[in-house]
Amino acid sequence: MSNLPEQLRYAASHEWIKVEGAVGTVGITDHAQHELSDVVYVDLPKVGAQITAGTTVAVIESVKAASDIYAPVSGEVVEVNGDLVKKPELVNQDPYGAAWLFRIKLSKPTELDSLKDAAGYKAQIGG
């Protein structure tokens, strides 16, 4: 059973977001990192990038495959997790903590309403 923190919102494409004020922290779910297996490389967006919900914003490569990471909401990237460049394995070790991918200043906060809560995401992945 995947770990699913209740305070997060989840995209159908397996990203999570935690919003504090006008900024959301984004990462991939425990389920997603488990499906990818051993992560070996993370390609993050550039700070200042304007992104639109549902578009590819990052790539995570594992020993199995490369996987696109989609923006759960629209806005401006205000910070990226540089630790993942040197330690991509953090994605497998702590997907909801140390392995956050980027932070985004939300331009359309109402987009959060289209994301799933923990129960909805759990149902999607068959939990």
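Cut-offs and rules
- Residues numbered from 1 in each chain as written.
- Predicted model: local features only at pLDDT ≥ 70, side-chain atom pairs only at ≥ 80, totals over all residues.
- Heavy atoms only, no water.
- Helix = DSSP H or I, 4+ residues; strand = E, 2+ residues; numbered from the N terminus.
- Rg over C-alpha atoms; globule rule 2.2 N^0.38 Å.
- Buried < 20%, exposed > 50% of the residue type's maximum accessible area, 1.4 Å probe, protein only.
- Contact = heavy atoms within 4.5 Å.
- Areas by Shrake-Rupley, 256 points an atom, 1.4 Å probe, with all protein chains shown as cover.
- Lys, Arg positive; Asp, Glu negative; His and termini not counted.
- Charge placed at Lys NZ, Arg CZ, Asp CG, Glu CD.
- Pairing = 2+ DSSP bridges.
- Axes fitted to C-alpha atoms, helices over the stretch in contact; angles between N-to-C directions.
- Patch = residues over 30% accessible without salt bridge, like charges linked within 9 Å, V, L, I, M, F, W, Y side chains within 5 Å.
- Salt bridge = Lys/Arg side-chain N within 4 Å of Asp/Glu carboxyl O.
- Phe/Tyr/Trp six-rings, centres within 6.5 Å; stacked < 30°, edge-to-face > 60°.
- Lys NZ or Arg CZ within 6 Å of the ring centre and 35° of its normal.

Colleague: Would you explain the overall build of the chain in this entry?
Modeller: Helix and strand counts for the chain stand at four helices and nine strands. Secondary structure elements of the chain, listed N to C terminal, follow the sequence β-β-β-α-β-β-β-β-β-α-α-β-α. In terms of overall size, the chain behaves like a compact globule, its C-alpha atoms giving a radius of gyration of 13 Å where 127 residues would be expected to give roughly 14 Å. Its C-alpha atoms give the chain principal-axis dimensions of about 35 × 35 × 20 Å. In the chain, buried positions account for 43% of the 127 residues. By sequence separation, contacts in the chain at least 24 residues apart represent 62% of the contacts at least 6 residues apart. If you sum the accessible surface of the chain, you get close to 6400 Å²; carbon and sulfur atoms cover 48% of it. Seen as two clouds, the 11 positive and the 17 negative side-chain charges of the chain have centres 3 Å apart.

Colleague: Could you clarify how one ought to interpret the sheet that holds strand β2 (residues 15–20) in this entry?
Modeller: Across a sheet, strands are paired by hydrogen bonds formed along the backbone, either parallel or antiparallel in direction. With antiparallel pairing, six strands are arranged side by side in an open sheet as β1-β2-β3-β9-β8-β5. Two strands bound the open sheet, and with one partner strand each, they are β1 (9–10) and β5 (50–51). Bridge analysis of β2 against strand β3 (residues 23–28) gives six bridges, and the strand direction is antiparallel. By the bridge assignment, E15 is partnered in β3 with I28.

Colleague: Please explain the sheet that holds strand β4 (residues 39–43) as it appears in this structure.
Modeller: The strand order across the open sheet built from three strands is β4-β6-β7, with neighbouring strands paired in antiparallel fashion. At either margin of the open sheet sits one strand with a lone partner, and together these are β4 and β7 (66–70). Pairs of neighbouring strands in the sheet enclose a mean axial angle of 25 degrees, with direction left out of account.

Colleague: Even after reading the chapter, I still don't get a nonpolar patch on the surface, so can you show me in this structure?
Modeller: Taken together, the side chains of V40, Y41 and V63 make up a nonpolar region of the molecular surface, amounting to roughly 290 Å² of accessible area. Structurally, the position occupied by V63 is in the loop between β6 (56–62) and β7.

Colleague: In this structure, what is going on with the packing of aromatic side chains? I would like to understand it.
Modeller: Each aromatic ring pair is described using two quantities: the centre-to-centre distance and the angle formed by the ring planes. For the structure shown, the criterion picks out two aromatic pairs. Pairing Y10 with Y121 gives two aromatic rings, centres 5.0 Å apart and planes at 15 degrees, and the pair type is stacked. Here the residue Y10 occupies a position in strand β1, and Y121 occupies one in helix α4 (residues 118–124), the gap between them amounting to 111 residues. Across the pair, exposure class does not vary: Y10 and Y121 are buried alike. For R103, the ring lying beneath its charged end belongs to W100, and the centroid distance is 3.9 Å.

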